[in-house]
Amino acid sequence: MQTYNVSEELNRTFGAPGTESRKEAENQAWEEYNAQILLDARKSAGLTQSELAEKIGADKSYVSRVERGLTIPSISTFYRMVSAMGLTVELR
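Report follows, based on the coordinates.

What counts and what doesn't
Residues numbered from 1 in each chain as written. Predicted model: local features only at pLDDT ≥ 70, side-chain atom pairs only at ≥ 80, totals over all residues. Heavy atoms only, no water. Helix = DSSP H or I, 4+ residues; strand = E, 2+ residues; numbered from the N terminus. Rg over C-alpha atoms; globule rule 2.2 N^0.38 Å. Buried < 20%, exposed > 50% of the residue type's maximum accessible area, 1.4 Å probe, protein only. Contact = heavy atoms within 4.5 Å. Lys, Arg positive; Asp, Glu negative; His and termini not counted. Charge placed at Lys NZ, Arg CZ, Asp CG, Glu CD. Patch = residues over 30% accessible without salt bridge, like charges linked within 9 Å, V, L, I, M, F, W, Y side chains within 5 Å. Areas by Shrake-Rupley, 256 points an atom, 1.4 Å probe, with all protein chains shown as cover. Salt bridge = Lys/Arg side-chain N within 4 Å of Asp/Glu carboxyl O. Polar contact = N/O pair within 3.5 Å; in protein donor to acceptor, adjacent residues only side chain to side chain.

### Focus on the overall build of the protein chain
- Within the protein chain one finds five helices and zero strands.
- The C-alpha atoms of the protein chain give 17 Å as radius of gyration, which overshoots the globular expectation for 92 residues (12 Å, by more than 25%).
- The principal-axis extents of the C-alpha atoms in the protein chain amount to approximately 50 × 30 × 30 Å.
- A total of 92 residues make up the protein chain; the buried ones form 27% of that total.
- In the protein chain, of all internal contacts separated by at least 6 residues, the share reaching a separation of at least 24 is 40%.
- For the protein chain, the centre of its 11 positive side-chain charges and the centre of its 13 negative side-chain charges are spaced 4 Å apart.

Quick look at the structure:
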C-alpha cells in the first residue's frame, strides 16, 4: 500500500506555503468556494438567476459570472445578494 502526502503534492503543484504562487492558488480556491456557496444559497432560496438579479438591481449575466467565480462581488453587492435570498451574514 502506497501512502500519499497531500502537503507534498500541494507544495509541488502550488509552491511552498507563503510563496506568491501558493497565495494565488489559495485565493482562487476561496473565490471558487464562495461562488459555490452563493450558487447553493440561491437554489435553496428557490430563486432563478434572473430573479436574484432583479432583486439586487443587476443583470442575469452578472449573477452567472459571480456563481462561476469569474466576478467577485463588492461587499455591498454581496450583502444585497445575501439579503435578497433571505439570509444574513454573521461575523465572529
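### So, the side chain of arginine 42
- Here arginine 42 lies in helix H2 (residues 20–44).
- In this structure arginine 42 comes out as buried when scored by relative accessible area, which is 7%.
- If we skip the residues at most four places from it in the chain, arginine 42 touches Leu47, Thr48, Gln49, Leu52, Val63, Glu67 and Met85.

### Quick notes on a nonpolar patch on the surface
- Taken together, the side chains of Tyr4, Val6, Leu10 and Phe14 make up a nonpolar region of the molecular surface, amounting to roughly 390 Å² of accessible area.
- Among the secondary structure elements, leucine 10 is positioned in helix H1 (residues 6–14).

### A few points about the side chain of threonine 77
- For threonine 77, the position within the fold is in helix H5 (residues 75–84).
- A distance of 3.0 Å separates polar atoms of two side chains, one belonging to threonine 77 and the other to serine 74.
- Beyond its immediate sequence surroundings of up to four residues, threonine 77 is in contact with Ile56 and Tyr62.

Geometric values such as these leave the question of function open.
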